[in-house]
Amino acid sequence: MIFDTHTHYDNAAFDEDRDELLMSLLAAGIGKVVNVGASIESTKRTVKLTEEYPFIYGAAGVHPSESGEMAEEDLLWLEELTRREKVVAVGEIGLDYYWKEPEISIQKHWFVRQLDLARRTKIPVIIHSRDAAKDTLDIMKAEKAGDVGGVIHCFSYSREIAREYLNMGFFLGIGGVSTFQNARHLKEVIAYAPLERLVLETDCPYLAPVPYRGKRNSSLYLPLIVRAVAEIKGIEPEHVERQTWENGEHLFEIHQS
Ligand code: NI
């Protein structure tokens, strides 16, 4: 079975066939899914999905690009959600300097506050970091994020940065980009990082792997990522599938099947 650790099935891209698609996942070998909140609204929809589908878990949090909408009372609401059994992480949170909206100081403020929330409620974080390698790492070190734990989703930095996160005990999330022709750095990172520290993700509906690049992504394409990782590491796909499944359960502390 494959564990998809990062999805956005609440996205409007799935409005036409959401139930049909989700109901087809188990038969296709996708055994667990974490749907990740990116805003207040999508966190609400995420919680609903966790109530409707036994194999869907949720992350509650506000993405840096949406953090301009956050207010103090939202933190209290998020904190309440983290007490739910199927809310397994705070995320996705972090910094996004590709989209410089809202301004950096606001992104940093809510990143730190949500990291702190995860620490207090003792659940891991799902980190989104784009074009912000240094600031993300600096904040995570200053905030001792190693004590919180979690995953750097859609890891897109160098091997040196990967080493820093591995040293902090973080997992690296690997998805469709691993199949792109120009993903030389990511392939180096996959070769370098221990398999025990990689988890698989789609980030669907975004980032579909080759040969579906540019189309709507879904967990059904994850076997392509399994194969890409197996090829880079020179091991059997079954090994990648089994180990990353265990890693996902370990990361989110999900132990029942
Ligand atoms: Ni995402």
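The coordinates are above.
Residues numbered from 1 in each chain as written. Predicted model: local features only at pLDDT ≥ 70, side-chain atom pairs only at ≥ 80, totals over all residues. Heavy atoms only, no water.

## Digging into the packing of helix 8 (residues 222–233) against helix 9 (residues 237–252)
Selection criterion: The axes used here are C-alpha line fits, helices contributing only the stretch in contact, and every angle between their N-to-C directions lies in the interval 0 to 180 degrees. Going along the chain from the N terminus, every DSSP run of H or I of four or more residues is numbered as a helix, and every run of E of two or more is numbered as a strand. Working definition: roughly parallel below 35 degrees, roughly antiparallel above 145 degrees, roughly perpendicular at 65 to 115 degrees, and oblique for all remaining angles. Here a crossing is taken to be left-handed if its near helix is turned anticlockwise relative to the far helix by less than a right angle, and right-handed if that turn runs clockwise. The contact criterion used throughout is that any non-hydrogen atoms of two residues lie within 4.5 Å.
For the pair helix 8 and helix 9, the least separation of the axes is 8 Å and the interaxial angle reads 110°. Put simply, helix 8 runs roughly perpendicular to helix 9. In the packing of helix 8 onto helix 9, the handedness of the crossing is right-handed. When helix 8 is examined against helix 9, the residues Val226, Val229 and Ala230 are found in contact with a partner set consisting of Pro237, Val240 and Glu241.

## Topic: the pairing of strand 1 (residues 2–7)
The test is simple: Exposure categories follow from relative accessible area, calculated using a 1.4 Å probe and restricted to protein chains: below 20% of the type maximum is buried, above 50% is exposed, and the middle band is partly exposed. By definition, the crossover connecting two strands over a helix is right-handed if that path, from the first strand to the second, turns clockwise as seen with the strands pointing away from the viewer.
Among the 6 residues of strand 1, 6 are classified as buried, and the element is accordingly described as predominantly covered. Handedness of the β-α-β unit built from strand 1, helix 1 (residues 18–25) and strand 2 (residues 30–36) comes out right-handed.

## Quick notes on the coordination of the nickel ion
Operational definition: Water is not part of the atom set, so a site may look incomplete; the donors themselves are N, O and S atoms within 2.8 Å of the metal, or 3.2 Å for Na, K and Ca. Geometry is assigned from the angles between donors: four donors with all angles from 85 to 135 degrees make a tetrahedral site, four or six donors whose opposite pairs exceed 155 degrees while the rest stay between 65 and 115 make square planar or octahedral sites respectively, and everything else is labelled irregular.
In this structure, His6 (NE2), His8 (NE2), Glu92 (OE) and Asp203 (OD) serve as the protein donors to the nickel ion, at separations of 2.1 to 2.4 Å. Given 4 donor atoms and angles of 84 to 172° at the metal, the environment of the nickel ion is assigned as irregular. In the primary structure, the donors to the nickel ion are separated according to the pattern H-x1-H-x83-E-x110-D. Taken together, the positions of histidine 6 in strand 1 and aspartate 203 in the loop between strand 8 (198–200) and helix 8 put the pair 197 residues apart, joining distant regions of the chain. Classification of histidine 6 by relative accessible area gives buried; the value is 1%.

## A look at the sheet that holds strand 5 (residues 125–130)
Rules: A pair of strands is considered paired only if DSSP assigns at least 2 bridges between the two.
Reading across the sheet, the 8 strands line up as 1-2-3-4-5-6-7-8 and stay open at both edges, with parallel pairing between neighbours. Sheet topology places strand 1 and strand 8 at the edges, where each strand pairs with a single neighbour. Within the sheet, the average angular offset between the axes of one strand and its neighbour, ignoring direction, is 30°. In terms of strand pairing, strand 3 (residues 56–60) meets strand 4 (residues 87–96) through 3 bridges, oriented parallel.

## Some words on the pattern of salt bridges
Keep this limit in mind: A pair is scored as a salt bridge if a Lys or Arg side-chain nitrogen falls within 4 Å of a carboxyl oxygen belonging to Asp or Glu.
All told, the structure shown has 14 salt bridges when counted by the stated rule. We note a salt bridge from arginine 216 to aspartate 17, for which the minimum N-O separation is 2.9 Å. Taken as a pair, arginine 216 in the loop between strand 8 and helix 8 and aspartate 17 in the loop between strand 1 and helix 1 lie far apart in primary sequence, 199 residues in all. We note a salt bridge from lysine 141 to glutamate 164, for which the minimum N-O separation is 2.9 Å.

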